[in-house]
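Structural overview for review
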Amino acid sequence: MSTIERGTIARSVAAAGALGAALTLAMPFGAARAEEPAYVMKITTPTINDVPDTFARNFGAAVEKDSGGRIKAEVYPASQLGAIPRQIEGTQFGAIQCAVIPPEFFVGVDERFEVMAAPGLVDSLAHGQRVAADPAVLKQMLVLGADKGLHGVGLFIAEPSATVAKNAIRHLADFKGKKMRTFASQFQTEAFNRLGATAVVMTLGDVLPALQQGAIDGAVAGMGPFTKMHFNDAAKYITLTNQASIFLAVEVNKKWYDSLPADLQKIIDNDAAAQAIAINPTAVDLRAKAEANWVAAGGELINLPPDEQAAMMKLLSSVGADVSAPKPQLAAAYKVVSDAAARLRTGM
């Protein structure tokens, strides 16, 4: 090789090195490097165009932005990845990276998940928002399921529950003899048993067909699903019992989370916590719109007479303590959330 050829090669190598350095300096901080794999985060939720899936989209967008694209979020609303039990299993075992689902559906993972479904725990959407953000409540709820493949990153409230029915429920006595769909929580099943109804545990995607076919007489859920999933095709009457409230747990597959670099783990934790607070005004707005849309579509909203509403709350107020009493772990968990709820009832 001649001296001229060696000089040409040296100059080419130097130029390539300079170009590489320039590209490295131009790369935004936190952007994915070519040698680092992009992590896919599939987020599943049972609803569509409602509080849970709105949170999922916001959370996914925040994680993508803050990770510089190193995490790619894919949101699957309306139970596209299976019924709620399958979504939970998928998140436990890693086929799904994140689930946004009411915590009581995780009762098969740990019975303490269901304490948020206790009737009378909170008495308004604003009260529930304070409880969901309470450090003592978060400290308890986010660690549940750690030994079953889950890493909790968020908790927030969607709305108070309501009861849809094919025949109007205008009085407490109208619950008697009805077959009512509930969430997978003994707190809910016991509550409806006390009202004289028969509780039928059912995942959200099965409720509308069951109403249409007459397998159930009514169902507990939120105003959002009732309007967005066109429940008025099967039932026109919603009774605003406002008990219990519907919270959402944000659970991440622990193995996937543990595989992330430390900075990405921090982004997942921080963005979930931030979006659990940021969703609150949206939750209030969506609830109001859902009520208006139900009436506009020809449905009716019903409130129990004030004395009967008070009688219902008196009847149900002890459900949480009574259900949890025989189970020490559940009783301790219920005490944490009920103490927080009592402390935060006036916003103090």
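In the block above lies the structure referred to throughout.
Residue numbers here run from 1 along each chain, matching the order of that chain's written sequence. This being a predicted model, a pLDDT of at least 70 is required before a residue's local features are given, and a value of 80 or more before pairs of side-chain atoms are given or counted; all residues contribute to the totals for chains, interfaces and linings. Remark: hydrogens and water are excluded; side-chain values derive from all non-hydrogen atoms of the structure.

1. Details of the packing of aromatic side chains
Here a pair means two rings of Phe, Tyr or Trp (six-membered ring of Trp) with centres within 6.5 Å. Their orientation is stacked below 30 degrees between planes, edge-to-face above 60, and tilted elsewhere. According to the stated counting rule, one finds seven aromatic pairs in the structure shown. Residues F175 and F192 carry aromatic rings whose centres are separated by 5.9 Å and whose planes lie at 70 degrees to one another, so their mutual orientation is edge-to-face. With F175 in the loop between β5 (162–165) and β6 (179–182) and F192 in helix α6 (residues 186–194), this residue pair connects regions lying 17 residues apart in the sequence. For the pair F175 and F192, one class covers both residues: buried. Pairing F226 with F231 gives two aromatic rings, centres 5.1 Å apart and planes at 65 degrees, and the pair type is edge-to-face. For F226, a relative accessible area of 0% puts it in the buried group. Three or more aromatic residues link up through ring pairs in this structure, and these residues are F55, F59 and F156. We count a stretch as a helix when DSSP gives it H or I for four or more residues in a row; a strand needs E for two or more, and each element gets its number in order from the N terminus. Partly exposed residues are those whose accessible area sits between 20% and 50% of the maximum for their type, while under 20% is buried and over 50% is exposed, using a 1.4 Å probe and protein chains only.

2. Quick notes on the nonpolar core
Residues M41, F59, V115, M116, F156 and I268 are the most contacted members of the largest nonpolar core, which totals 77 residues. Tallying contributions element by element places helix α14 (residues 328–344) first for this core, with seven residues. By nonpolar core we mean a set of buried residues, namely Ala, Val, Leu, Ile, Met, Phe, Trp, Tyr and Cys, connected to one another through side-chain atoms within 4.5 Å. Judged by nonpolar contacts, the second largest core, of 19 residues, contains V164, I216, A234 and A235.

3. With respect to the pairing of β6
Note that β6 and strand β7 (residues 198–201) share four bridges and pair parallel. Each residue of the ladder has a partner; that of M180, found in β7, is A199. Crossovers are marked right-handed if the path from the first strand over the helix to the second runs clockwise, as seen with the strands pointing away from the viewer. This β-α-β element, β6 to α6 to β7, shows right-handed connectivity. Should DSSP find at least two bridges between two strands, the strands are taken to pair. Bridge count between β6 and strand β8 (residues 218–221): two bridges; the pairing is parallel. Residue R181 lies in a different strand from β8, and its bridge partner there is A219.

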